[in-house]
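Now for the letters of each chain:
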Amino acid sequence: MVERLGSRETNTNELIRSAPFFEGIPEATVEKAIAHVVVRSHPSNQVILLENDWGSSVYFILDGWVKIRTYNLDGKEVTLNIIGKGELFGEMAPLEEVPRSTDVITLAPTLIGNMPAQDFVQLIHTEPMAGIRLAQLMARRLRQVNRRLRLRESDSTSRVADILLFLADGQGKRTTEGVEIPNLPHRELSSLSGLARETVTRVLSKLEKKGLIVRDRDILCIPELHALERLMV
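Residues numbered from 1 in each chain as written. Predicted model: local features only at pLDDT ≥ 70, side-chain atom pairs only at ≥ 80, totals over all residues. Heavy atoms only, no water.

- As recorded by an unreviewed UniProt entry, the protein chain carries the name Crp/Fnr family transcriptional regulator and is attributed to Geitlerinema calcuttense NRMC-F 0142.

See the structure below:
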């Protein structure tokens, strides 16, 4: 499904504007930047980008989830990140004028706004706040990766807890019951943590028995973040 801004202009404009990237950017500048955005609905498990493709668009997630993946030297899939509503991806290739370095695949039905690469690059070049927002995004992602790398030698419980906290930090939704994140397939958590899938399953069961997480079909709830953080001390 493809929808160009205009047919449901109010709704899609609001979705695009709600992205944290546009916070603090003048209204007229945002209007110009999103003038050629195309909104597409994608089913679960659909490839959005492929490694080595050239970057003709930058993508804003309006709803849903995607995973960023690559492959190691042995050909094994490695999930680098999982991002959801309000995030953007595909921004580096247009800025560096190089091919894509990773694949991006939907994990759920996902609504994505495609911004032409030249519009995004123009926005970064002309609007200082856009450059600041991009730098903040890069810094946060680098901080998350560094934290995960430091924990590679930790025990399995600490590593799974860290992945859950990592997802809560980036994609968590606060409710009266706690912080909700998507209840991802164990293979995705395995790839993110570098642990065997069986180990991830065992650790999640242990955390659930202790009441540190509550799992539903599509949602995993963390009642108290600090309780999960204490496992990593």
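There is more to say, and it comes next.
**Digging into helix α7 (residues 186-193)**
Move 1: For α7, the tally of buried residues reaches six of eight residues, placing the bulk of the element in the interior.
Move 2: All of the buried residues along α7 are Glu188, Leu189, Ser190, Ser191, Leu192 and Ser193.
Move 3: The elements touched by buried residues of α7 are β5 (65-71), β6 (77-84), α5 (128-150), α6 (156-171) and α8 (197-209). (Buried < 20%, exposed > 50% of the residue type's maximum accessible area, 1.4 Å probe, protein only. Helix = DSSP H or I, 4+ residues; strand = E, 2+ residues; numbered from the N terminus. Contact = heavy atoms within 4.5 Å.)

**Side note on the sheet that holds strand β12 (residues 214-215)**
Two modes of strand pairing occur in sheets, parallel and antiparallel, and in both the strands are linked by backbone hydrogen bonds.
Move 1: Taking strand neighbours across the sheet as the criterion, the four strands line up as β10-β11-β13-β12 in an open arrangement whose pairing is antiparallel. Each having just a single partner strand, β10 (173-175) and β12 make up the two edges of the open sheet.
Move 2: Direction of pairing for β10 relative to strand β11 (residues 178-182): antiparallel, over a ladder of three bridges. From the neighbouring strand, Thr175 faces β11, where its bridge partner is Gly178.
Move 3: This element, α6, spans β10, β11 and β13 (219-222) of the sheet and lies at about 95° to β11. (Pairing = 2+ DSSP bridges. Axes fitted to C-alpha atoms, helices over the stretch in contact; angles between N-to-C directions.)

**Some remarks on the UniProt feature "domain: Cyclic nucleotide-binding" (unreviewed entry) in the protein chain**
Move 1: The feature "domain: Cyclic nucleotide-binding" (unreviewed entry), as annotated in UniProt, sits at residues 21-141 in this numbering.
Move 2: As annotated, residues 21-141 has a helix share of 30% and a strand share of 36%, and its two end C-alpha atoms lie 14 Å apart. (UniProt positions renumbered as here; feature names shortened; annotations may be inferred.)

**Digging into the nonpolar core**
Move 1: One finds Val160, Leu164, Leu167, Leu207, Ile222 and Leu228 to be the most contacted residues of the largest nonpolar core, which totals 26 residues.
Move 2: Of all the secondary-structure elements, those providing two or more residues to this core are α6, β11, α7, α8, β13 and α9 (225-229).
Move 3: Looking at this core, the element that brings in the most residues is α6, giving eight residues.
Move 4: Not counting residues within four places of it along the chain, the set of residues in contact with Val160 comprises Leu195, Val200, Val203, Leu204 and Leu207.
Move 5: Counting residues in hydrophobic clusters, the runner-up holds 21 residues, among them Phe22, Val30, Phe120 and Leu137. (Core = buried A, V, L, I, M, F, W, Y, C linked by side-chain atoms within 4.5 Å.)

**Things to note about the pattern of salt bridges**
Move 1: Across all of its chains, the model carries eleven salt bridges by this definition.
Move 2: For Arg17, the salt bridge goes to Glu31, with nearest N and O atoms at 2.0 Å. With Arg17 in helix α1 (residues 9-17) and Glu31 in helix α2 (residues 27-33), the pair connects residues that are 14 residues apart, well separated along the chain.
Move 3: According to the relative accessible area criterion, Glu31 is partly exposed, its value standing at 36%.
Move 4: A salt bridge links Glu188 to Lys67, with the shortest nitrogen-to-oxygen separation between them at 2.9 Å. Of this pair, Glu188 sits in helix α7 while Lys67 sits in strand β5; the two residues are 121 residues apart in sequence, bridging distant segments of the chain. In this pair, the class of Glu188 matches that of Lys67, namely buried.
Move 5: Salt bridges sharing common partners tie together Lys67, Arg69, Glu77, Asp103, Arg187 and Glu188. (Salt bridge = Lys/Arg side-chain N within 4 Å of Asp/Glu carboxyl O.)

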